[in-house]
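The lines below spell out each chain.
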Amino acid sequence: MTDILGRVRDTFRSDQRADPDRLVERLHAINRFLGVVDGHLPDERLVAAHTLIERAGTRLALSRDHTVVALAGATGSGKSSLFNSLARFEMSPVGVRRPTTGVTHACVWGPLHDATRLLDWVGVLPRHRFVRESALDGADEAALHGLVLLDLPDFDSVEWSHRSEVDRLLGLVDLVVWVVDPQKYADRVLHRSYLREFHRHRDVTVVVLNQADRLAPDDLPRVLTDLRRLVDADQLSGVPVLTTSALTDAGTAPLRAQLEQAVAQRQAALRRLSGDADAVVDGLAGLVAPGRADDDVDRPTIRRLIDALAAAAGVPAVAEATEQAYRHRAVAATGWPLARGLRRLRPDPLRRLHLGEAPVAPERAPEPGGLLGIERAPVAATSVPEPTAAQRSAVGLAVRAVADRAGATLPDPWPAAVTAAARSRLADLPDALDRAVATTDLGVQRRPVWWRLVNAVQWLVTVAAAIGLGWLVLGYAVRALGLPELEYPMVGVAPLPTALLLGGLLCGALLSLLVKPVIRWAARRARWRAEGRMHDAVAEAARGLVVTPVREVLRAYAEARSALGVASARR
Ligand SMILES: Nc1nc2c(ncn2[C@@H]2O[C@H](COP(=O)(O)OP(=O)(O)O)[C@@H](O)[C@H]2O)c(=O)[nH]1
Ligand SMILES: [Mg+2]
């Protein structure tokens, strides 16, 4: 059933005219594919596509008015004889002078110079080019005007250079006429290595059973049927199989008619390239899987990566130090003024890490492409503890997880490309993390209003206590000197200086006590805030150095898939 459907489609396809715009669109899509996968896929898998783009571009630019037809076949099948017969003169050496058949001869129907650049590209030397000017033969040859017929070397030649010349030309020409003879038409090499390889070029393949005059009339249909069967087995069903004899003009008429048709349609070049595009697209199809929807790295995996990086960057340690530093600074700012000197003797927990100063502002605008846009030079080295081996391996695992998750549903070799991208900037990571922590504003520089208020009150009560003390000392001195005693004003039962002194001291102590839980609460908030900011900085580093390269590969994949969709013949 599928076979029948296949045949129907083939017939339909070969009836269809090749649309040059559609071909150009497909070639553009293949070119776009090559552009986006560049650097992500191994070059050796892209050779055929590159070759096609190069060849198709040149072929279409050179001449759309010419149809380049090659006569290909085994030694002695009659290529040169057919060539001479079609050109109606003797020029390509036949049979006996076989060694010279290693070079390709060309005959152009129409002005030679119009086809010069085409023949240069095909690689036929000027002394092997001939012209069949239609003016000479009148209307006879007009139907072939635009034909460039090539007499190829033998594909089964003992000379390696002849065989490679055949292979080269078979890749360039618009239409191939396979010439076989009654003795060797079933040759294995011909079918296996050549005809079968041309199954995507059914539209531009013709098979000719030459030397038909050598067959008894009864044998001809049998041989022809057998040849047809072999050609069908080569997946070339629908390809014309003609009989010719190079000895007479009448013998070559069927082939001449076929060529006239090809020249008139001017479709061979387009069909040839369409077939090449089919082959290239089929070859690339395995590189993109159909129906993949998500092309992003999933958020939980990124979160785990950021956590691992934050741990390795020492974010918890710095956050802890920030809390302590806040407490330290708050107590120093709001504590009993006379005890502050003692507090100052203790080192600031953040300064020990060489942190907590105002963040370094970039002096110059960040260079484009500089690491995360952060200025490199002026950042002071911190003394944040180095990551442990466990933290380092956690980072490694988290990076791997990002690559694994992102590449999980991609066909080979994309997962490898994703992994390579995820690891591509790993060397920059330690520096970037250091920088992320060092340049984060931990928010401990600010002196909150309430510190200043408490501080003012502390000073007020301390000054009150000092005044009280001074007053009392003055009273004692006056009494010791025998001067008239000072009259202290009374506050309730206590004299005012005593009330000032004791009240001042008590209020100071009480205030310190009351403020303590507030400081603890505010220190925890400062820790969370610092932790959040460092997390953001680390996240930026993670995105810039791990996630973005991975996303670029995923985007390249998605674009490659859509490009190949456009390039596909089945749209
Ligand atoms: N009887 C007969 N002999 C042919 C025909 N075509 C070619 N030959 C002979 O076959 C031999 C090989 O021909 P040639 O054109 O050199 O084959 P090539 O190697 O394919 O180029 C020559 O002796 C030709 O005369 C044909 O159609 N009928
Ligand atoms: Mg020959």
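Because the structure is a prediction, the values reported are computed rather than measured.

Trainee: Would you take a moment to explain helix α20 (residues 496-567) for this structure?
Mentor: Helical periodicity: at 3.6 residues per turn, an α-helix aligns residues three or four positions apart in one direction. Look at α20: 99 Å from first C-alpha to last across 72 residues, which is about the 106 Å you get at 1.5 Å a residue. By the largest-angle criterion, Arg-543 marks the main kink of α20, which is about 45 degrees.

Trainee: Can you help me understand the environment of Lys-79 in this one?
Mentor: Within the element layout of this structure, Lys-79 appears in helix α4 (residues 79-87). For the pair Lys-79 and Trp-178, spaced 99 residues apart in the sequence, the C-alpha separation amounts to 8.8 Å. Leaving out residues up to four positions away in the same chain, Lys-79 has contacts with Leu-71, Ala-72, Gly-73, Ala-74, Asp-151, Leu-152, Pro-153, Asp-154 and Val-179. Only 3.3 Å separates the side chain of Lys-79 from the backbone oxygen of Gly-73, close enough to count as a polar contact.

Trainee: I tried to follow the pattern of salt bridges on my own but got confused; where do I start?
Mentor: Taken as a whole and judged by the stated rule, the model has 21 salt bridges. Residue Glu-25 is joined to Arg-22 by a salt bridge in which the shortest nitrogen-to-oxygen separation is 2.9 Å. Highlighted residues: Glu-25 and Arg-22, both in helix α2 (residues 20-37), separated by three residues, approximately one helical turn. Two residues, Asp-232 and Arg-228, come together in a salt bridge whose shortest N-O distance is 3.5 Å. Taken together, the residues span about one helical turn, with Asp-232 and Arg-228 both in helix α9 (residues 219-233) at a distance of four residues. Residue classification places Asp-232 among the partly exposed residues on the basis of a relative accessible area of 27%. The network of salt bridges with common partners includes Glu-320, Glu-323, Arg-327 and Arg-527.

Trainee: It is not clear to me how the packing of helix α17 (residues 414-423) against α20 should be interpreted in this structure. Could you clarify?
Mentor: Working note: a packed helix pair is described by the angle between its axes plus the distance between those axes. Running from N to C, α17 and α20 cross one another at 150 degrees; their axes reach a closest spacing of 7 Å. The orientation of α17 relative to α20 falls into the category roughly antiparallel. As α17 packs across α20, the resulting crossing turns out to be right-handed. Together, Trp-414, Ala-417, Val-418, Ala-421 and Ala-422 of α17 and Leu-545, Val-546, Pro-549, Val-550, Val-553, Leu-554, Ala-556, Tyr-557 and Ala-560 of α20 make up the contact between the two elements. Broken down by class, the residue content of the contact of α17 with α20 amounts to 14 nonpolar, no polar and no charged.

Trainee: What is the right way to read the pairing of strand β3 (residues 129-132) from this model?
Mentor: On a regular strand, each side chain points to the face opposite its neighbour's, so the side chains alternate between the two faces of the sheet. Examined bridge by bridge, strand β2 (residues 105-109) and β3 share four bridges and lie parallel to one another. What sits directly across from Val-108, in β3, is Val-131. What joins β2 to β3 is helix α5 (residues 116-122), and the crossover it makes is right-handed.

About the criteria used
Residues numbered from 1 in each chain as written. Chains lettered and ligands numbered in written order. Predicted model: local features only at pLDDT ≥ 70, side-chain atom pairs only at ≥ 80, totals over all residues. Heavy atoms only, no water. Helix = DSSP H or I, 4+ residues; strand = E, 2+ residues; numbered from the N terminus. Expected span 1.5 Å × (residues − 1). Bend = angle between axes of the 7 residues up to and from the residue. Contact = heavy atoms within 4.5 Å. Polar contact = N/O pair within 3.5 Å; in protein donor to acceptor, adjacent residues only side chain to side chain. Salt bridge = Lys/Arg side-chain N within 4 Å of Asp/Glu carboxyl O. Buried < 20%, exposed > 50% of the residue type's maximum accessible area, 1.4 Å probe, protein only. Axes fitted to C-alpha atoms, helices over the stretch in contact; angles between N-to-C directions. Parallel < 35°, antiparallel > 145°, perpendicular 65-115°, else oblique. Left-handed = near helix turned anticlockwise from the far one by under 90°. Nonpolar A, V, L, I, M, F, W, Y, C, P; charged D, E, K, R; others polar. Pairing = 2+ DSSP bridges. Right-handed = clockwise from strand over helix to strand, strands pointing away.

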